[in-house]
Amino acid sequence: MRLYLTTLKNKPFSFLFASILFSNLANSIANISLIWLAYNKFNTPLIIAGVLGALQLPSLIIGPFLGGLLDKFQKTNLMIFANVVNALVFIFLIFNNLNTNNNVIIFILLLVVSGSMKPLLMGGDSMVIQDIFPNSEERIPANALTTMSFDLTYIFGSMLSGVVIALGYGFKVYTLVGCLYLLVVGCLFVVKKIGRAHV
(Lines give C-alpha, C1' and ligand atoms only; values in the text may rest on other atoms or scores of the structure.)
Protein backbone atom coordinates (compact mmCIF):
# COMPACT_ATOMS: atom_id res chain seq x y z
CA MET A 1 0.00 0.00 0.00
CA ARG A 2 2.82 2.39 0.87
CA LEU A 3 4.39 1.73 -2.53
CA TYR A 4 1.18 2.84 -4.28
CA LEU A 5 0.95 5.98 -2.15
CA THR A 6 4.57 6.83 -2.94
CA THR A 7 3.84 6.37 -6.65
CA LEU A 8 0.79 8.64 -6.42
CA LYS A 9 2.92 11.35 -4.78
CA ASN A 10 4.78 11.71 -8.06
CA LYS A 11 3.08 14.84 -9.43
CA PRO A 12 3.20 14.04 -13.16
CA PHE A 13 1.92 10.53 -12.49
CA SER A 14 -0.83 11.71 -10.14
CA PHE A 15 -2.21 13.96 -12.90
CA LEU A 16 -1.79 11.21 -15.50
CA PHE A 17 -3.60 8.79 -13.16
CA ALA A 18 -6.41 11.33 -12.69
CA SER A 19 -6.66 11.67 -16.48
CA ILE A 20 -6.91 7.87 -16.81
CA LEU A 21 -9.66 7.72 -14.17
CA PHE A 22 -11.66 10.54 -15.78
CA SER A 23 -11.14 9.02 -19.23
CA ASN A 24 -12.29 5.55 -18.15
CA LEU A 25 -15.28 7.08 -16.39
CA ALA A 26 -16.16 9.17 -19.46
CA ASN A 27 -15.81 6.11 -21.70
CA SER A 28 -18.12 4.08 -19.47
CA ILE A 29 -20.84 6.72 -19.48
CA ALA A 30 -20.27 7.49 -23.17
CA ASN A 31 -20.74 3.89 -24.30
CA ILE A 32 -23.93 3.52 -22.28
CA SER A 33 -25.36 6.88 -23.31
CA LEU A 34 -24.57 6.40 -27.02
CA ILE A 35 -26.26 3.00 -27.12
CA TRP A 36 -29.18 4.46 -25.14
CA LEU A 37 -29.36 7.35 -27.62
CA ALA A 38 -29.34 5.02 -30.62
CA TYR A 39 -32.05 2.84 -29.08
CA ASN A 40 -34.35 5.65 -27.93
CA LYS A 41 -33.89 8.06 -30.81
CA PHE A 42 -33.95 5.63 -33.72
CA ASN A 43 -35.03 2.24 -32.36
CA THR A 44 -33.59 0.49 -35.41
CA PRO A 45 -30.99 -2.26 -35.31
CA LEU A 46 -29.10 -0.66 -38.20
CA ILE A 47 -28.39 2.60 -36.34
CA ILE A 48 -27.55 0.74 -33.12
CA ALA A 49 -25.12 -1.47 -35.06
CA GLY A 50 -23.72 1.64 -36.78
CA VAL A 51 -23.05 3.34 -33.45
CA LEU A 52 -21.38 0.22 -32.00
CA GLY A 53 -19.35 -0.28 -35.17
CA ALA A 54 -18.27 3.38 -35.23
CA LEU A 55 -17.08 3.04 -31.62
CA GLN A 56 -15.07 -0.17 -32.07
CA LEU A 57 -14.07 -0.87 -35.69
CA PRO A 58 -11.94 2.24 -36.40
CA SER A 59 -9.48 1.41 -33.63
CA LEU A 60 -8.97 -2.04 -35.16
CA ILE A 61 -8.58 -0.77 -38.72
CA ILE A 62 -6.81 2.57 -38.26
CA GLY A 63 -5.24 1.83 -34.88
CA PRO A 64 -1.98 0.27 -36.07
CA PHE A 65 -1.23 3.33 -38.21
CA LEU A 66 -2.13 5.90 -35.54
CA GLY A 67 -0.24 4.01 -32.83
CA GLY A 68 2.99 4.64 -34.75
CA LEU A 69 2.48 8.39 -34.33
CA LEU A 70 3.29 8.02 -30.63
CA ASP A 71 6.92 7.32 -31.57
CA LYS A 72 7.16 10.35 -33.86
CA PHE A 73 5.30 13.09 -32.01
CA GLN A 74 4.95 14.29 -28.44
CA LYS A 75 2.72 11.77 -26.70
CA THR A 76 0.82 14.18 -24.48
CA ASN A 77 -0.05 16.39 -27.47
CA LEU A 78 -1.55 13.40 -29.30
CA MET A 79 -3.45 12.33 -26.18
CA ILE A 80 -4.79 15.87 -25.71
CA PHE A 81 -5.91 15.89 -29.35
CA ALA A 82 -7.63 12.49 -28.96
CA ASN A 83 -9.56 13.64 -25.89
CA VAL A 84 -10.61 16.89 -27.56
CA VAL A 85 -12.00 14.76 -30.42
CA ASN A 86 -13.88 12.61 -27.90
CA ALA A 87 -15.31 15.74 -26.24
CA LEU A 88 -16.41 17.11 -29.63
CA VAL A 89 -18.77 14.16 -30.15
CA PHE A 90 -20.70 15.16 -27.03
CA ILE A 91 -20.45 18.90 -27.63
CA PHE A 92 -22.03 18.19 -31.04
CA LEU A 93 -24.83 16.25 -29.33
CA ILE A 94 -25.47 19.07 -26.84
CA PHE A 95 -26.32 21.43 -29.72
CA ASN A 96 -27.84 18.93 -32.14
CA ASN A 97 -30.95 16.74 -31.91
CA LEU A 98 -29.97 14.54 -34.89
CA ASN A 99 -33.20 15.48 -36.64
CA THR A 100 -31.84 15.26 -40.19
CA ASN A 101 -29.96 12.58 -42.12
CA ASN A 102 -27.01 14.96 -42.57
CA ASN A 103 -26.74 15.44 -38.83
CA VAL A 104 -26.84 11.67 -38.26
CA ILE A 105 -24.07 11.22 -40.86
CA ILE A 106 -21.93 13.92 -39.18
CA PHE A 107 -22.55 12.21 -35.82
CA ILE A 108 -21.48 8.79 -37.16
CA LEU A 109 -18.37 10.35 -38.76
CA LEU A 110 -17.45 12.01 -35.44
CA LEU A 111 -17.88 8.62 -33.75
CA VAL A 112 -15.60 6.99 -36.33
CA VAL A 113 -12.88 9.61 -35.75
CA SER A 114 -13.36 9.32 -31.98
CA GLY A 115 -13.23 5.52 -32.13
CA SER A 116 -9.95 5.65 -34.05
CA MET A 117 -8.34 7.64 -31.21
CA LYS A 118 -8.28 4.70 -28.77
CA PRO A 119 -4.76 3.47 -29.71
CA LEU A 120 -3.36 6.96 -29.09
CA LEU A 121 -4.88 6.97 -25.62
CA MET A 122 -4.12 3.42 -24.52
CA GLY A 123 -0.63 3.34 -25.99
CA GLY A 124 0.05 6.90 -24.88
CA ASP A 125 -0.75 6.17 -21.23
CA SER A 126 1.77 3.36 -20.95
CA MET A 127 4.45 5.25 -22.88
CA VAL A 128 4.06 8.33 -20.66
CA ILE A 129 4.35 6.09 -17.59
CA GLN A 130 7.66 4.80 -19.00
CA ASP A 131 8.84 8.39 -19.41
CA ILE A 132 7.80 9.36 -15.88
CA PHE A 133 9.32 6.22 -14.33
CA PRO A 134 12.43 5.21 -16.32
CA ASN A 135 13.20 2.52 -13.73
CA SER A 136 11.21 -0.65 -14.42
CA GLU A 137 10.72 -1.32 -10.70
CA GLU A 138 9.07 2.07 -10.26
CA ARG A 139 6.75 1.31 -13.17
CA ILE A 140 5.30 -1.83 -11.53
CA PRO A 141 3.05 -0.01 -9.01
CA ALA A 142 2.19 2.66 -11.60
CA ASN A 143 1.05 0.02 -14.10
CA ALA A 144 -0.81 -1.84 -11.36
CA LEU A 145 -2.68 1.33 -10.39
CA THR A 146 -3.72 2.00 -13.99
CA THR A 147 -4.90 -1.61 -14.40
CA MET A 148 -6.89 -1.40 -11.16
CA SER A 149 -8.41 1.91 -12.24
CA PHE A 150 -9.49 0.35 -15.53
CA ASP A 151 -11.11 -2.60 -13.75
CA LEU A 152 -12.70 -0.34 -11.15
CA THR A 153 -14.30 1.92 -13.74
CA TYR A 154 -15.69 -1.10 -15.60
CA ILE A 155 -17.41 -2.23 -12.41
CA PHE A 156 -18.45 1.32 -11.60
CA GLY A 157 -19.57 1.80 -15.21
CA SER A 158 -22.32 -0.77 -14.83
CA MET A 159 -23.64 1.14 -11.83
CA LEU A 160 -23.42 4.37 -13.81
CA SER A 161 -25.86 2.97 -16.35
CA GLY A 162 -28.60 3.59 -13.76
CA VAL A 163 -27.48 7.20 -13.40
CA VAL A 164 -27.42 7.62 -17.18
CA ILE A 165 -30.94 6.26 -17.48
CA ALA A 166 -32.13 8.49 -14.61
CA LEU A 167 -30.59 11.57 -16.23
CA GLY A 168 -31.97 10.64 -19.62
CA TYR A 169 -29.96 10.53 -22.80
CA GLY A 170 -29.99 14.26 -23.40
CA PHE A 171 -28.27 17.47 -22.47
CA LYS A 172 -27.20 16.54 -18.91
CA VAL A 173 -25.44 13.32 -19.89
CA TYR A 174 -23.74 14.85 -22.93
CA THR A 175 -22.56 17.77 -20.80
CA LEU A 176 -21.24 15.40 -18.12
CA VAL A 177 -19.29 13.28 -20.62
CA GLY A 178 -17.98 16.31 -22.53
CA CYS A 179 -16.81 17.89 -19.26
CA LEU A 180 -15.08 14.66 -18.18
CA TYR A 181 -13.13 14.55 -21.44
CA LEU A 182 -12.19 18.21 -21.02
CA LEU A 183 -11.01 17.43 -17.46
CA VAL A 184 -8.78 14.75 -19.00
CA VAL A 185 -7.38 17.38 -21.38
CA GLY A 186 -6.66 19.68 -18.41
CA CYS A 187 -4.85 16.90 -16.51
CA LEU A 188 -2.76 16.07 -19.57
CA PHE A 189 -1.77 19.72 -19.98
CA VAL A 190 -0.46 19.61 -16.40
CA VAL A 191 1.44 16.37 -17.13
CA LYS A 192 2.96 18.03 -20.17
CA LYS A 193 3.91 21.14 -18.21
CA ILE A 194 5.40 19.54 -15.08
CA GLY A 195 6.41 16.13 -16.42
CA ARG A 196 10.05 15.27 -16.32
CA ALA A 197 11.51 13.51 -19.35
CA HIS A 198 9.86 13.87 -22.75
CA VAL A 199 6.18 13.30 -22.05
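Scoring rules and cut-offs
Residues numbered from 1 in each chain as written. Predicted model: local features only at pLDDT ≥ 70, side-chain atom pairs only at ≥ 80, totals over all residues. Heavy atoms only, no water. Helix = DSSP H or I, 4+ residues; strand = E, 2+ residues; numbered from the N terminus. Buried < 20%, exposed > 50% of the residue type's maximum accessible area, 1.4 Å probe, protein only. Contact = heavy atoms within 4.5 Å. Areas by Shrake-Rupley, 256 points an atom, 1.4 Å probe, with all protein chains shown as cover. Expected span 1.5 Å × (residues − 1). Bend = angle between axes of the 7 residues up to and from the residue. 1 Å grid on protein atoms, 1.4 Å probe; cavity = no way out; pocket = protein on both sides within 12 Å on 5 of 7 lines; lining within 4 Å. Points joined across faces, edges and corners; volume = space filled by probe spheres on them. Nonpolar A, V, L, I, M, F, W, Y, C, P; charged D, E, K, R; others polar. Core = buried A, V, L, I, M, F, W, Y, C linked by side-chain atoms within 4.5 Å.

Moving on, we get to the overall build of the protein chain. When helices and strands are tallied, the protein chain shows ten helices and zero strands. Seen in sequence order, the protein chain has helices and strands lined up from the N terminus as α-α-α-α-α-α-α-α-α-α. Put simply, the protein chain has 199 residues, and 43% of those count as buried. In the protein chain, the share of contacts with a sequence separation of at least 24, taken over all contacts with a separation of at least 6, comes to 85%. Working note: accessible area of the protein chain is about 10600 Å², and carbon and sulfur atoms make up 69% of it.

An α-helical turn contains 3.6 residues, so a residue and the one three or four places further along point in the same direction. Compared with an ideal rise of 1.5 Å per residue, which puts 17 residues at 24 Å, helix 3 (residues 45–61) spans 23 Å between its outermost C-alpha atoms and is within 8% of the ideal. Roughly 35 degrees is the biggest bend found in helix 3, and it falls at A54, with proline P58 one to four residues downstream.

With that settled, the discussion passes to the layout of surface pockets. Size it by volume and the largest pocket reaches roughly 810 Å³. Along its surface, the largest pocket is lined by 37 residues, and S23, N24, N27, M122 and F150 are the ones closest to its centre. Looking at the lining of the largest pocket, the elements with two or more residues in it are helix 2 (11–42), helix 3, helix 6 (75–94), helix 7 (101–115), helix 8 (118–132), helix 9 (136–167) and helix 10 (171–194). Ranked by residue count, the leading element in the lining of the largest pocket is helix 2, at ten residues. Here the lining of the largest pocket is built from residues that sort into 18 nonpolar, 17 polar and two charged.

Moving on, we get to the nonpolar core. Core analysis: the largest hydrophobic core is formed by 26 residues, its most contacted members being I29, L34, F90, L93, F107, L111 and V177. Residue assignment for this core shows that the elements contributing at least two residues are helix 2, helix 3, helix 6, helix 7, helix 9 and helix 10. Per-element accounting of this core gives the leading share, seven residues, to helix 2. Those residues in contact with I29 that sit more than four places away from it in its chain are L160, V164, V173, L176, V177 and L180. Counting 22 residues, the second largest nonpolar core, distinct from the first, contains F17, L121, V128 and I129.

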